[in-house]
Amino acid sequence: MLLIILITIAMPLRNYYQGRTEIARLHESIAAKKAEKERLLSDIEKYRDEDFIEEEARRRLGVVAPGETAYRILDPRVSDQGSLTTDKHAEEDQREWYAVLWESVAEDTRPPAS
């Protein structure tokens, strides 16, 4: 008789604790979603600010306000053709990969040429 009573009580009790655990997990999930929502709303407010938009336009797009002078620093390696890639007819290195690697890290012990 005692066994039947324990089994009868154990099943609803187990369901109750599982439900409480699920509710706690869902409350944590809701809190995380609310925090994400607040972060996104602050991002939206940031993009409504004219100063932020102007700063991003300058940084990302290179926009210059009227009356300002823009300077562009060119890389001296850039040729008139505007390409940084090597020529198709450039001589290919015939050494093994490990020789190239060793040369790139080896120290030059020779005295400087005068």
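Per an unreviewed UniProt entry, the chain goes by the name Septum formation initiator family protein and belongs to Corynebacterium incognita.

## Comments concerning the confidence of the model for the chain
Looking at the chain as a whole, the pLDDT averages 84, with 83% of positions reaching at least 70. Confidence scores differ between elements of the chain, with helix α3 (residues 97–105) showing the lowest mean pLDDT of 83 and helix α1 (residues 2–48) the highest of 93.

## A short note on the UniProt feature "coiled-coil region" (unreviewed entry) in the chain
UniProt marks residues 23–50 with the feature "coiled-coil region" (unreviewed entry), using the numbering shown here. The span residues 23–50 is 96% helical and 0% strand by assignment, and the distance between its end C-alpha atoms comes to 43 Å.

## Describing the packing of aromatic side chains
Applying the stated criterion across every chain yields a total of 3 aromatic pairs. Note on Y16 and Y17: the rings are 5.3 Å apart at their centroids and 70 degrees apart in plane angle, and the pair reads as edge-to-face. Both rings, one in W97 and one in Y98, keep their centres 5.8 Å apart while their planes meet at 80 degrees; by these two values the pair is edge-to-face.

## Some remarks on the pattern of salt bridges
Tallied over the entire structure, the rule returns 9 salt bridges. E22 is the partner of R25 in a salt bridge, and the nearest nitrogen-oxygen pair spans 2.5 Å. Here R25 and its partner E22 are both found in helix α1, 3 residues apart, which amounts to about one turn of the helix. What makes E22 partly exposed here is its relative accessible area of 36%. Where E45 meets R48, a salt bridge forms, and the shortest distance between an N and an O atom there is 2.9 Å. Of the two residues, E45 and R48 both sit in helix α1, 3 residues apart, roughly one turn of that helix. Judged by relative accessible area, E45 falls into the partly exposed class, the value being 48%. In this structure, a network of salt bridges that share partners links the residues R39, D43 and K46.

Scoring rules and cut-offs
Residues numbered from 1 in each chain as written. Predicted model: local features only at pLDDT ≥ 70, side-chain atom pairs only at ≥ 80, totals over all residues. Heavy atoms only, no water. pLDDT = per-residue confidence, 0-100. Helix = DSSP H or I, 4+ residues; strand = E, 2+ residues; numbered from the N terminus. UniProt positions renumbered as here; feature names shortened; annotations may be inferred. Phe/Tyr/Trp six-rings, centres within 6.5 Å; stacked < 30°, edge-to-face > 60°. Salt bridge = Lys/Arg side-chain N within 4 Å of Asp/Glu carboxyl O. Buried < 20%, exposed > 50% of the residue type's maximum accessible area, 1.4 Å probe, protein only.

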